[in-house]
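Given next are the chains, with one letter for each unit.
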Amino acid sequence: MNTIQLIENLSANSQKKIIDISETYNPSSKLYSQEVSETSIEKFHQRKLYTDGLIIIDNLTALKEKVTYNFTFNDSILVMKFHNQGKNTVLTQKKKKENYKEILEKTHNIHVISPKELNITFDATNEVDSFFIILSKAFYLKLIPNQNEINSHLIQCLENNTSTYFSEKALPLNQDMKRIIDNIRSCTRTGSLQRLCLEIKITELLLLQFEQYELLKTRQKTTNTIAPFDQKKIEEAKLYLEKNFHTPITIKKLSLIVGINESKLKAYFKKSYNQTIHSFVIKLRMEKAYQLITEQNLLMKEVSLKIGYQNPSHFSAAFKEFYGFAPSVATSIQL
């Protein structure tokens, strides 16, 4: 039978086996709690809740020394991370490969981890406020059905023993998540009712993580989308520059010509054409200069004036910076 094993390292010389549970989901399995409390310190709370397929590491405490939780497991697991305060790091290790990651304060994420070792470390600090939920694949599949794109990706990674993060960047921990975690911490139910309550609250936390991710993704898409009216103005600006690149123009004047404000003009132009307006104009000028030099055999002064440079030395310097060689040798180089 596959198991999840947890060993708590309290110091360099001490090692204590804490938990060895089945990775299966068993609704009738007993929920255990190991708790340390210190009444002399306000809000001191350090606890582990566990049953088949589930381990919760709950720290709301001031740590006098570093604490490391070492997990070993035979099948993929899913880790829900809610970290509000204190220095906390996660190290996943498979054979000789290691992946070290420090978790930012006031953030959350979900991490699917393929079979290997997992270390969660809390450094000695004034206060730690952190809540980790470790779910076996079987437990997770009982909580959340395969009903949306996000969840399908997580399930696929669990099934294929592939490690992944729910979000590439850690997401902000919000008040609703903190409220549910506080509800779990203050729950007075016991036995099967406590277990049922815990499963409901874990499901709520997962749904909140899904909803926040979808909301942020939707906002990002909206932010990254250029309205049709503005896109038309950006295209007009590009056409104007292509026809008038030899005539110096300011961003302010160009924005007035096409009818869009300066900040939108600069931002949307770069987004649409992957270059700034200045870079675009320089490219047009240098390409035209090369054409004039190689095809019409004009003097440098004539070329300079035709593409908008009053000073030939300024043109020569710009040409060399763009192509890597002086305009005087352009006729002997095939681009």
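See the structure above.
Residues numbered from 1 in each chain as written. Predicted model: local features only at pLDDT ≥ 70, side-chain atom pairs only at ≥ 80, totals over all residues. Heavy atoms only, no water.

## As for a nonpolar patch on the surface
This is how it is decided: Two joining distances apply to patches: 9 Å for like charges and 5 Å for nonpolar side chains (Val, Leu, Ile, Met, Phe, Trp, Tyr), and every residue must have over 30% relative accessible area and no salt bridge. Residue burial considers only the protein chains on display, and all accessible areas are found by Shrake-Rupley using a 1.4 Å probe. Salt bridges are defined by distance alone: a side-chain nitrogen of Lys or Arg within 4 Å of a carboxyl oxygen of Asp or Glu. Labels follow the DSSP assignment, with helices taken as runs of H or I lasting at least four residues and strands as runs of E lasting at least two, numbered in each case from the N terminus.
Judged by side-chain polarity, Leu193, Leu196 and Ile200 come together as a nonpolar surface patch covering roughly 290 Å² of accessible area. Examined against the element boundaries, Leu196 turns out to sit in helix α4 (residues 191-224).

## Some words on the environment of Leu205
Defined as follows: The contact criterion used throughout is that any non-hydrogen atoms of two residues lie within 4.5 Å.
The topology assignment puts Leu205 in helix α4. Taking the C-alpha atoms as reference, Leu205 lies 9.4 Å from Lys178; in sequence the two are 27 residues apart. Leave out the neighbours within four places in its chain, and Leu205 touches Met80, Phe82, Ile133, Met177, Ile180, Ile181 and Ile184.

## With respect to the pattern of salt bridges
Throughout the structure, instances matching the rule amount to 16 salt bridges. Glu287 is paired through a salt bridge with Lys283; the nearest N and O atoms lie 2.7 Å apart. Of this pair, Glu287 and Lys283 both sit in helix α8 (residues 277-296), separated by four residues, roughly a single helical turn. Among the ionic contacts, a cluster of salt bridges with common partners joins Arg47, Asp58, Asp129, Asp182 and Arg185.

## A few points about the nonpolar core
To keep things clear, this is the line we draw: Among buried residues, those of type Ala, Val, Leu, Ile, Met, Phe, Trp, Tyr and Cys that are joined through side-chain atoms within 4.5 Å constitute a nonpolar core. Buried, partly exposed and exposed residues are distinguished by accessible area as a fraction of the type maximum, computed with a 1.4 Å probe on protein chains only: under 20%, between the cut-offs, and over 50%, respectively.
Of all hydrophobic cores here, the largest spans 34 residues; its most connected members are Ile133, Leu135, Tyr140 and Ile202. Secondary-structure elements contributing two or more residues to this core are β5 (54-63), β7 (77-85), β10 (107-113), β12 (125-136), α1 (137-143), α2 (149-159), α3 (175-186) and α4. For this core, the element with the highest residue contribution is α4, accounting for six residues. When sequence neighbours within four positions are dropped, the list of residues in contact with Ile202 reads Leu54, Ile56, Met80, Ile133, Leu135 and Leu143. Among the nonpolar cores identified, the runner-up in size contains 30 residues, and Val258, Tyr268, Ile282 and Ala318 belong to it.

## Concerning the packing of helix α5 (residues 228-244) against α8
Our working rule: Each axis is a line fitted through C-alpha atoms, and for a helix only the stretch in contact is used; angles between axes span 0 to 180 degrees, taken between their N-to-C directions. Take the far helix as the reference: if the near one is turned anticlockwise from it by less than a right angle, the crossing is left-handed, and if turned clockwise, right-handed. The residue classification treats Ala, Val, Leu, Ile, Met, Phe, Trp, Tyr, Cys and Pro as nonpolar and Asp, Glu, Lys and Arg as charged. All others, Gly included, are polar.
Orientation of α5 relative to α8, taken along the N-to-C sense of each, is 35°, at an axis distance of 10 Å. Here the hand of the crossing between α5 and α8 comes out right-handed. Together, Lys238, Leu241 and Glu242 of α5 and Ile277, Phe280, Val281 and Leu284 of α8 make up the contact between the two elements. Grouping the amino acids of the contact of α5 with α8 by side-chain chemistry returns five nonpolar, no polar and two charged.

## Notes on unusual backbone geometry
For Lys106, which is not a glycine, the phi torsion comes out positive at approximately 60°. For Lys106, the location among the structural elements is in the loop between β9 (97-103) and β10. Even without being glycine, Asn274 reaches a positive phi, approximately 60°. Within the secondary structure layout, Asn274 lies in the loop between α7 (262-273) and α8. Residue classification places Asn274 among the exposed positions, given a relative accessible area of 71%.

## Some remarks on the side chain of Arg285
Threshold: Only four residue types enter the tally: Lys and Arg on the positive side, Asp and Glu on the negative side; His and the chain ends are excluded.
Its location among the elements puts Arg285 in helix α8. Buried within the structure, Arg285 lacks any salt-bridge partner; Glu321 is the closest side chain of opposite charge, at an N-O distance of 12 Å. Sequence-distant contacts of Arg285, defined by excluding residues within four places in its chain, comprise Phe245, His246, Thr247, Pro248, Ile307, Gly308 and Tyr309.

## Remarks on the packing of aromatic side chains
Quick note on the threshold: Stacked, tilted and edge-to-face are the three classes assigned to paired rings of Phe, Tyr and Trp, where Trp is represented by its six-membered ring and a pair needs centres within 6.5 Å; plane angles under 30 degrees give stacked, over 60 edge-to-face, the rest tilted. Lysine and arginine charges are scored as sitting over a ring when NZ or CZ, respectively, is within 6 Å of the ring centre and within 35 degrees of the ring normal.
This model, assessed by the stated rule, comprises 15 aromatic pairs. Ring centres of Phe322 and Tyr323 lie 4.8 Å apart, and the angle between their planes is 85°; this geometry places the pair in the edge-to-face category. Classification of Phe322 as partly exposed rests on a relative accessible area of 35%. On the accessibility criterion, Tyr323 (21% relative accessible area) is partly exposed. Ring pairs connect the aromatic residues Tyr290, Tyr309, Phe315, Phe319, Phe322, Tyr323 and Phe325, which therefore count as one cluster. The ring of Tyr309 carries Arg285 above its face, with NZ or CZ at 5.1 Å from the centroid.

## Some words on the pairing of β12
The test is simple: Here, strands pair whenever DSSP counts at least two bridges between them.
Burial analysis of β12 places nine of its 12 residues in the buried class, the great majority of the element. Two elements, β7 and β12, share eight bridges in a ladder whose sense is antiparallel. In the sheet register, Gln85 faces β12, and the bridge partner there is Asp129.

## Remarks on α2
Selection criterion: The directions from the helix axis to the C-beta atoms are what the arc is built from.
For α2, the complete set of buried residues consists of Ile150, Asn151, Leu154, Ile155, Cys157 and Leu158. Seen from one end, α2 has its buried residues packed into an arc of 160°, which puts them on one side. Phi for Asn161, located one or two positions after α2, is positive at around 55°.

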